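Observations on the model geometry
Each chain is listed here by its residues.
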Amino acid sequence: MWPLLAALLLGSACCGSAQLIFNTTKSIEYTICNETVVIPCIVTNLEPKDIVEIYVKWKYKGKPVLSFDGSNQKTLTSSGFRSAKISQSDLLTGIASLTLDRREAVVGNYSCEVTELAREGETTIELKYRVVSWFSPNENIVIVIFPILAILLSWGQFGIVTLKYKSSHPREKTILLFVAGLALTIIVVVGAILFVPGEYSTKNASGLGLIVIPAVILILLQYCVLMLAIGITSFTIAILILQMLGYVLALVGLSLCVSECTPVHGPLLITGLGIIALAELLGLVYMKFVASNQKTIQPPRKAVEEPLNAFKEPKGMMNEE
Ligand SMILES: *[C@@H]1O[C@H](CO)[C@@H](O)[C@H](O)[C@H]1NC(C)=O
Ligand SMILES: *[C@@H]1O[C@H](CO)[C@@H](O)[C@H](O)[C@H]1NC(C)=O
């Protein structure tokens, strides 16, 4: 009955005016970061006096998604598109855009069919999905490189301590340092594996957490190693304070980034990680410097032992490896 009536009305009205005109959009993109997806459908010449005059039908690949009947103001959604909705208040201004939950959105062609009394029109919009990386490629690299560099430097410090100061401290301490260093290395490697470049996900976010949070072990290790090798000097304190500062920055950066689909505080996190690695480097250089100084300026009473130690050292190195 209704199509017949519509056809009659259409026939009686003059051809062009019976058509609704759309502000056409060919396609629209969404990413993992869109909580909801809005598929636009805007009629430019809709002039309803009342919502009862309007009927809207959204279809996906020809199958119904949502229909809104202004005469009884009822919205019907199909299974699979339960979150679909249109705004009734916007409808009077010609906006029949469809809002969907991202989890229910599927890529493909959607058609929007609007009827106002005798006038009608249809437009098709293609919904596309775009993959976006959580951090930029460069940020991804640096976020992984800095902690790994810091860990390598930490192993360098450990090497110096075990080789140069072998006799001066108990073996248990060395073993403890080794175990802590190994645990840190494993945690960060697991973190780096989880933190593979890609879209924002809980997997990525936990990987980032595993890369950043355990850096506190790095500070403790550096503290132990510096105390064993050098003791408290203004320089060791400065290095440790610098590293703690870096850690705080990295933690703040992490907390700001970890729940953000499009993180803007990546540079803060990276600065923190960079400072941690820098402090590690300074510690290593300082240790190396002090160690070589201690070798040349030996107290006289040890002068006899010195040549002996020099012979022993290479052998000790081989045993370590
Ligand atoms: C997804 O979000 C972006 C940025 O907020 C927005 O410009 C875009 O229109 C959204 N896409 C859809 C399909 O809603
Ligand atoms: C949607 O329609 C356009 C134009 O008709 C076509 O080029 C495109 O391939 C279609 N997209 C899908 C996913 O079917």
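Quick summary incoming for the structure in this document.

What about the packing of helix α3 (residues 137-164) against helix α6 (residues 215-229)?
At their nearest, the axes of α3 and α6 sit 10 Å apart, and the two run at 25 degrees to each other. Judged by the inter-axis angle, α3 sits roughly parallel to α6. Considering the relative orientation of α3 and α6, their crossing is left-handed. Judged by residue contacts, A150, I151, S154, Q157 and V161 of α3 engage L218, L221, Q222, V225, L228 and A229 from α6. In terms of residue class, the contact of α3 with α6 is made up of eight nonpolar, three polar and no charged.

As for a nonpolar patch on the surface
The grouping of I175, F178, V179, L182, I186, V190 and L210 at the surface amounts to a nonpolar patch, some 580 Å² of accessible area in total. Ranked by residues supplied to the nonpolar patch, first place goes to helix α4 (residues 171-194) with six residues. By secondary structure assignment, the location of F178 is in helix α4.

Some details on the site of ligand 2
Close to ligand 2 lie G108, N109 and E126, which account for all nearby residues. A distance of 2.4 Å is found between an oxygen atom of ligand 2 and a side-chain nitrogen or oxygen belonging to N109. One of the side-chain N or O atoms of E126 is found 3.1 Å from a nitrogen atom in ligand 2.

What counts, and at which threshold
- Residues numbered from 1 in each chain as written.
- Chains lettered and ligands numbered in written order.
- Predicted model: local features only at pLDDT ≥ 70, side-chain atom pairs only at ≥ 80, totals over all residues.
- Heavy atoms only, no water.
- Axes fitted to C-alpha atoms, helices over the stretch in contact; angles between N-to-C directions.
- Helix = DSSP H or I, 4+ residues; strand = E, 2+ residues; numbered from the N terminus.
- Parallel < 35°, antiparallel > 145°, perpendicular 65-115°, else oblique.
- Left-handed = near helix turned anticlockwise from the far one by under 90°.
- Contact = heavy atoms within 4.5 Å.
- Nonpolar A, V, L, I, M, F, W, Y, C, P; charged D, E, K, R; others polar.
- Patch = residues over 30% accessible without salt bridge, like charges linked within 9 Å, V, L, I, M, F, W, Y side chains within 5 Å.
- Areas by Shrake-Rupley, 256 points an atom, 1.4 Å probe, with all protein chains shown as cover.
- Salt bridge = Lys/Arg side-chain N within 4 Å of Asp/Glu carboxyl O.
- Near = heavy atom within 4 Å.
- Polar contact = N/O pair within 3.5 Å; in protein donor to acceptor, adjacent residues only side chain to side chain.

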